[in-house]
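# Analysis of the macromolecular model
One-letter residues, chain by chain:
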Amino acid sequence: MPVGDLRKLWNLHLIDEALHGIRSRAGALDPGRKILKEIEALQATCDEIAKTSTELHQEQTDLELKQASIADKIKTIEKKLYGGMIISPREVEAYQKEIEMFRRQRSGMDDRLLELIEIVGPAQAETDKAKKLVEAKKAELQQHQKQVVVEKSRLEAAYKEASAQRAAAIAAVPPTLLNRYDPIVKKHGTGMARITKGRSCEACGLQLGEKIIEMVKDERPVPCEACHRILYFSEGLV
């Protein structure tokens, strides 16, 4: 094989390695799945807290309306009792008992209303806090998605540039060498591996024999016995 052909193939490999890395990074881009799950969990908690708060507030409103209704009924009865409209002792007694019954009902409601006054406010505050957490996480998602769009654009530009460089690099490599290289790339994503300082294959870590290293130094296309990538030796890389 002519001197320099393996170096030309290595140049192609470096471009393919860059393209492989770009594809991997693009494939790993997360549009926000993790944050979306966090939002869903926070929203579920927020909905539960809001539901409780709404129920407590509704109970308070209902009790206040019932109390107002009872107050109106007591007022109406008292107007009859003390307005000279009722003179029968039996009727007076009946109305007095009815007033007492309404007052007992209102007294029971008073206790519960006092409880609600103490817990409705904090429940609403807890709801507001939960909503803010959801909104903050949604804002985080939007910011993350913007960053993903920027990174995707950057990767697309880098891929386009590397692809253009690849066309020129391919033209410089002999077809026979490409025929050996391309199937490896299709299988592994990359088709070459350099020899490390430890005299092993950088891709898979296989320890290499002296004979194999010497063959590679002579620019012979020798594959790694383990991963089958074409080995490459360079004084500047070992």
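Every value quoted in this text rests on a predicted model; they were computed, and no experiment measured them.

### Re the overall build of the chain
Across its full length, the chain carries 5 helices and 2 strands. The secondary structure elements of the chain, listed N-terminal to C-terminal, are α-α-α-α-β-α-β. For a compact globule of 238 residues, the expected C-alpha radius of gyration is about 18 Å, and the chain comes in at 41 Å, more than 25% above that figure. The principal-axis extents of the C-alpha atoms in the chain amount to approximately 130 × 35 × 25 Å. Taking all 238 residues of the chain together, 30% fall into the buried category. Of the contacts made within the chain by residues no fewer than 6 positions apart, 72% connect residues no fewer than 24 positions apart. Accessible area for the chain stands at about 15,300 Å²; split by element, carbon and sulfur atoms hold 55% of it. Distance between charge centroids for the chain: 5 Å, based on 39 positive and 37 negative side chains.

### Here's the deal with the packing of helix α1 (residues 5-28) against helix α4 (residues 175-188)
Where α1 contacts α4, the two axes come as close as 12 Å, and the packing angle between them is 20°. Our classification of the angle between α1 and α4 gives roughly parallel. Here α1 and α4 pass one another in a crossing that is right-handed. On α4, the residues touching D5, L6, L9, L12, H13, D16 and H20 of α1 are L177, L178, Y181, V185 and H188. Residue composition of the contact of α1 with α4, grouped by class: 7 nonpolar, 3 polar and 2 charged.

Rules behind the numbers
- Residues numbered from 1 in each chain as written.
- Predicted model: local features only at pLDDT ≥ 70, side-chain atom pairs only at ≥ 80, totals over all residues.
- Heavy atoms only, no water.
- Helix = DSSP H or I, 4+ residues; strand = E, 2+ residues; numbered from the N terminus.
- Rg over C-alpha atoms; globule rule 2.2 N^0.38 Å.
- Buried < 20%, exposed > 50% of the residue type's maximum accessible area, 1.4 Å probe, protein only.
- Contact = heavy atoms within 4.5 Å.
- Areas by Shrake-Rupley, 256 points an atom, 1.4 Å probe, with all protein chains shown as cover.
- Lys, Arg positive; Asp, Glu negative; His and termini not counted.
- Charge placed at Lys NZ, Arg CZ, Asp CG, Glu CD.
- Axes fitted to C-alpha atoms, helices over the stretch in contact; angles between N-to-C directions.
- Parallel < 35°, antiparallel > 145°, perpendicular 65-115°, else oblique.
- Left-handed = near helix turned anticlockwise from the far one by under 90°.
- Nonpolar A, V, L, I, M, F, W, Y, C, P; charged D, E, K, R; others polar.

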